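Residue-level structural notes
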Amino acid sequence: MNKFFHSVYLEDEKCTGCITCLKRCPTQAIRVRNGKAHIISEFCIDCGECIRHCPHHAKHTRRDFLSDLDRFEYTVALPAPSLYSQFNNVRDNDILLTALTLMGFDDVFEVSAGAEIVSELSRTYINEHPELHPLISTACPTIERLILFPGLIPHLLPLLPPMEAAAILARRRAVEKTGLPEDKIGIVFLSPCPSKITFIHEPLGMGKSNIDAVLAIKDIYPVLLSHMKEAEQHPISHTLSGRIGKGWAISGGEAYGIISDHYLAADGIENVIRVLEDLEDEKFLPGLQFVELNACSAGCVGGVLTVENPYIAKAKVKQAFKYEPVLHMHCADLPEFRPEDFLWTQKVSYEPVYTLGANIFESMEKIMESQQILSGLPGLDCGSCGSPTCKALAEDIVKGVDCAKPEDCIYLMREQWEQHSRKKEEEES
């Protein structure tokens, strides 16, 4: 679990302590104390749900901006497949890709081309490792960080996500084209979500990301719009991918690329958690080979750094690409690669961040202590105490989080006040 970098952060000045984010966080990573929310680093998976639901816009994403790209001599844009669905009435994707060059990028390399490579490698790996079925997609970094069960780690598909595959090939092609050293070339990912930004800073399954900077789709959207008409006049062909690669933008798109009926696809963080719990309990269909999980509703088109309604965007993807060819990945414009270039180079380990103590004996002692405290709480899980549930408050108390105490519960405090008032009245009478 990432303990050093998080792309999601809180702007204290805008936070009113309204507990909306606290109730919507899927990993109970938020507490509200002294009228302000704060994020518990080891629990946060950078899913962006707090950004999505904060009514005061107090949650934000750390990312790069166009002005940050001046440090590179040559820049290559890596548009996520979800970018294509953000615009209306674009008859040719090359118009959009040409607009990226007009706004300042020297070249464009589709992440969907990387997705087609990962799809082919996934099919091979799934067929060659039936003992690991069902294999779980690792394309959504939130899912890897969400896994709370060590038994599921061996079922993770040990392949780099499409953005990293695209970055490897984009840099090779840029070096061949320009003759520049690699450190003079900026590989810039256009991201739909904060989770992928966190991955680039703290990658899983690899030592260092191949991506140098990340821009949010919502930031570049208005700039791209201003160049679309000019790009429409003289579009330049940048397309490398077909239907399979572009389909990764939506839930079920990756599973479609597996070319198998033995898959399960789920989207939305609550649904994903239920699926992972059932997988841990081995509640799945016989013969299930592959599980695709997307933390955002409708898939990557539902990321908090996009601009279009996710379900409208999903419909656009289905409509726009159903007549496209299935694959373009062997296009001559792709640099040479080996399958092992896109395999994990490091194992992903399970980290038990929810343990109460430093060892099993201390944990058992604190569990019993927290259960005793919990028995005295009302069990309403209202969040008014600043912890998401009564159980979380009890655990915060035994762990000493933010000086939490039973009196933080307004119901206990009211009960104590009423008892005090009755006692005072009895004494006076």
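Everything discussed here concerns the structure shown above.
Along each chain, residue indices are assigned from 1 in the same order as the chain's sequence is written. It should be noted that, the model being predicted, local features are given only for residues of pLDDT at least 70 and side-chain atom pairs only at 80 or more, the latter also being counted only at that level, while totals for whole chains, interfaces and linings use all residues. Note: side-chain values were computed over all heavy atoms of the structure, leaving out hydrogens and water.

Our focus in this paragraph is the overall build of the protein chain. Per the convention used, a helix needs a DSSP run of H or I reaching at least four residues, while a strand needs a run of E reaching at least two, with both numbered from the N terminus. Each helix and strand counted, the protein chain has 15 helices and 11 strands in total. For the radius of gyration, the atoms used are the C-alpha atoms, and the globule rule reads 2.2 Å times the number of residues raised to 0.38. Against the compact-globule benchmark of 22 Å for 429 residues, the protein chain has a radius of gyration of 24 Å, which places it among compact chains. Summarising its shape, the C-alpha atoms of the protein chain cover approximately 95 × 50 × 40 Å along the three principal directions. Using a 1.4 Å probe on the protein chains alone, a residue whose accessible area is under 20% of its type maximum counts as buried, one over 50% counts as exposed, and one in between counts as partly exposed. In the protein chain, which comprises 429 residues, the proportion classed as buried is 54%. Once local pairs closer than 6 in sequence are excluded, the contacts in the protein chain between residues at least 24 apart make up 78%. When the accessible surface of the protein chain is summed, it comes to about 20100 Å², and 52% of that surface belongs to carbon and sulfur atoms. Positive charges come from Lys and Arg alone, negative charges from Asp and Glu alone, with His and the N- and C-terminal ends not counted. The atoms used to mark charge sites are NZ of Lys, CZ of Arg, CG of Asp and CD of Glu. The positive charge centre, built from 42 side chains, and the negative charge centre, built from 61, are 3 Å apart in the protein chain. Here, residues are in contact when the closest pair of their heavy atoms is within 4.5 Å. For accessible areas, the Shrake-Rupley method is used with a probe of radius 1.4 Å. Any residue's cover is judged against the shown protein chains and nothing else.

A few words on helix α14 (residues 390-399). The buried fraction of α14 amounts to 8 of the 10 residues, a majority that puts the element mostly inside the structure. Among the residues making up α14, those that are buried are Cys390, Ala392, Leu393, Ala394, Glu395, Asp396, Ile397 and Val398. Just downstream of α14 lies Gly400, where phi reads positive at about 75°.

Before going further, it helps to spend a moment on a nonpolar patch on the surface. A surface patch of nonpolar side chains, amounting to about 450 Å² of accessible area, comprises Ile360, Phe361, Met364 and Ile367. Inspection of the secondary structure puts Met364 in helix α13 (residues 360-375). Looking at Met364, the relative accessible area reads 45%, which means it is partly exposed. For patches, a residue must show more than 30% relative accessible area and have no salt bridge; joins then use 9 Å for like charges and 5 Å for nonpolar side chains, namely Val, Leu, Ile, Met, Phe, Trp and Tyr. A side-chain nitrogen of Lys or Arg and a carboxyl oxygen of Asp or Glu constitute a salt bridge if their distance falls within 4 Å.

A few words now on helix α12 (residues 310-321). What a helix is expected to span follows from its residue count: subtract one and scale by 1.5 Å. Taking 1.5 Å per residue as the helical rise, α12 with its 12 residues ought to reach 16 Å, and the 17 Å between its terminal C-alpha atoms agrees with that figure. Considered for burial, the residues of α12 that qualify are Ala313, Lys314, Lys316, Val317 and Phe321. For α12, the arc enclosing every buried residue in end-on projection is 160°, short of the 170-degree limit, so these residues lie on one face. Facing away from the buried side of α12 by over 90 degrees, the exposed positions are Lys318 and Gln319. Where the residues of α12 are buried, they touch α3 (93-102) and α9 (243-246). For α12, the N-terminal cap is Asn309; the gap from its side-chain oxygen to the backbone nitrogen of Tyr311 is 2.8 Å. Working definition: the arc comes from the directions between the helix axis and the C-beta atoms, pointing outward to the latter. Under this definition, polar contacts are N or O atom pairs within 3.5 Å; protein pairs additionally need one hydrogen-donor-capable and one acceptor-capable atom, and for neighbouring residues in sequence, both atoms have to be side-chain atoms.

In this section: the sheet that holds strand β10 (residues 263-267). The rule for pairing is simple: two strands pair if DSSP sees at least two bridges between them. Sheet architecture is open: 3 strands sit in the order β7-β11-β10, paired in parallel fashion. Strands with a single pairing partner mark the edges of an open sheet, and in this sheet they are β7 (135-136) and β10. Here β10 runs beside strand β11 (residues 290-294); their pairing, made up of 5 bridges, is parallel. The residue bridging Leu264 from the neighbouring strand is Val291, located in β11.

Unfilled space is identified by rolling a water-sized probe across the atoms. Within this scheme a cavity is a closed region of a 1 Å grid, computed over the protein atoms alone, that accommodates a 1.4 Å probe without allowing it to escape, whereas a pocket is open but has protein on both sides within 12 Å along at least five of seven lines; lining residues each have an atom within 4 Å of a point. Grid points are joined across faces, edges and corners, and a volume is the space filled by probe spheres set on the points. The full count for this structure, using the stated rule, is 6 cavities of 30 Å³ or more. The calculated volume of the largest cavity comes to roughly 210 Å³. Along the walls of the largest cavity sit 20 residues, with Ala139, Pro162, Lys196, Trp248 and Cys300 positioned nearest its centre. Breaking the lining of the largest cavity down by element, the ones donating at least two residues are α6 (162-178), α10 (253-258) and β11. A breakdown of the residues in the lining of the largest cavity according to their chemical character gives 14 nonpolar, 3 polar and 3 charged. Gly is placed with the polar residues, together with every amino acid not listed as nonpolar (Ala, Val, Leu, Ile, Met, Phe, Trp, Tyr, Cys and Pro) or charged (Asp, Glu, Lys and Arg).

The next thing to look at is the packing of helix α4 (residues 111-128) against α6. Following both chains from N to C, one finds α4 and α6 inclined at 110°, their axes separated by 7 Å at the closest point. Taken together, the axis directions place α4 and α6 in an arrangement best described as roughly perpendicular. Here Val111, Gly114, Ala115, Ile117 and Val118 of α4 come into contact with α6, specifically with Pro162, Met163, Ala165, Ala166 and Leu169. Looking at the contact of α4 with α6 residue by residue, the class counts come to 9 nonpolar, 1 polar and no charged. Axis definition: a line fitted to C-alpha atoms, limited for helices to the stretch in contact. Angles are taken between N-to-C directions and run from 0 to 180 degrees. Angular relationships are summarised with four words: roughly parallel below 35 degrees, roughly antiparallel beyond 145, roughly perpendicular across 65 to 115, and oblique for the angles in between.

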